[in-house]
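Chain residues, written in single-letter form:
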Amino acid sequence: PPWQETGLEIWNGEEWQLWMTDGPANHFTLMRCINQLESGSVLCGGLGLGMMIQLMHSEKRFTEITVVERNPDVIALISPLLPDDSRVTILQDDFWNIVPQLATKPPTNVLWDLIRFWVSELPEMIRARDRLRLALPESNLTFHGYSHIK
C-alpha cells in the first residue's frame, strides 16, 4: 500500500483501545500545525508515535524541540525510531509539571497534540488553553487536532 499506518493501543482496564495512529489524516493536520509555528523553540505536549519530531527534523527554523511525555513505555518504544537531532530533548514528566518551569524562558511555540480528545471534552480543552495562555503568554499556542482553538 502507498501508506503504512501504525497504531498504538493501550489497555484501559477492560480492553485494548486505539490511542494514537500515524495515518495520512494525522500527518496532514500535523503538517498544517507545524506550518503555523514561528521560528525558534518548540515545546511539544506528548511524544505520540514521534510524528512531530519526524516532521520538524527537516525544519531548520526550529532551534530547540522539547517533548514532554509522561509515559516511559512510549518513550522507550519510540525514541529508538527518532532521527538523531541535537535540538531534540525528551522529558519524561507530566506536561503541567514542566510548564511553570518555563515561565522565565518561555518557548517560542507550544504544540500540543489534542487529536485524541473527543468533542465532548471541548470545555476541558478550552480550560487547558486558557491555563497555557496564563502560564506562557508570550508563546505561540497551536493545538493539533483543534487548530481553530487559538
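Shown above is the structure to which this text applies.
Residues numbered from 1 in each chain as written. Predicted model: local features only at pLDDT ≥ 70, side-chain atom pairs only at ≥ 80, totals over all residues. Heavy atoms only, no water.

Draft legend 1. Region of interest: the packing of aromatic side chains. Scanning the model with the defined rule gives 2 aromatic pairs in all. For the pair Trp-11 and Trp-16, a centre-to-centre distance of 5.5 Å together with 65° between the ring planes defines the contact as edge-to-face. The exposure class assigned to Trp-11 is partly exposed, which follows from its relative accessible area of 48%. Trp-16 gets classed as exposed once you look at its relative accessible area, which sits at 54%. Plain terms: the ring middles of Phe-95 and Trp-96 are 5.4 Å apart, the flat faces sit at 80° to each other, and that makes the pair edge-to-face. In terms of burial, Phe-95 and Trp-96 fall into one category: buried. Of note, Arg-131 hangs over the ring of Trp-96, and the distance from its end group to the ring centre comes to 3.9 Å. (Phe/Tyr/Trp six-rings, centres within 6.5 Å; stacked < 30°, edge-to-face > 60°. Buried < 20%, exposed > 50% of the residue type's maximum accessible area, 1.4 Å probe, protein only. Lys NZ or Arg CZ within 6 Å of the ring centre and 35° of its normal.)

Draft legend 2. Expanded view of the pattern of salt bridges. Counted under the stated rule, the structure contains 5 salt bridges. The shortest N-O distance in the salt bridge between Lys-105 and Glu-64 comes to 3.5 Å. One end of the pair, Lys-105, is in the loop between α4 (95-98) and β6 (109-113); the other, Glu-64, is in strand β4 (residues 62-69), and 41 residues separate them in sequence. Owing to a relative accessible area of 34%, Glu-64 belongs among the partly exposed residues under this scheme. A salt bridge links Arg-129 to Asp-130; the nearest nitrogen and oxygen atoms lie 2.8 Å apart. On the basis of relative accessible area, Arg-129 is assigned to the buried category, the value being 14%. (Salt bridge = Lys/Arg side-chain N within 4 Å of Asp/Glu carboxyl O. Helix = DSSP H or I, 4+ residues; strand = E, 2+ residues; numbered from the N terminus.)

Draft legend 3. How the structure looks around the environment of Leu-55. By secondary structure assignment, the location of Leu-55 is in helix α2 (residues 51-56). Accessibility expressed as a relative area gives 14% for Leu-55, which makes it buried. Along the backbone, Leu-55 and Met-31 are 24 residues apart, and their C-alpha atoms lie at a distance of 7.3 Å. Leaving out residues up to four positions away in the same chain, Leu-55 has contacts with His-27, Leu-30, Met-31 and Ile-34. (Contact = heavy atoms within 4.5 Å.)

Everything listed here is a matter of geometry and, on its own, says nothing about what the molecule does.
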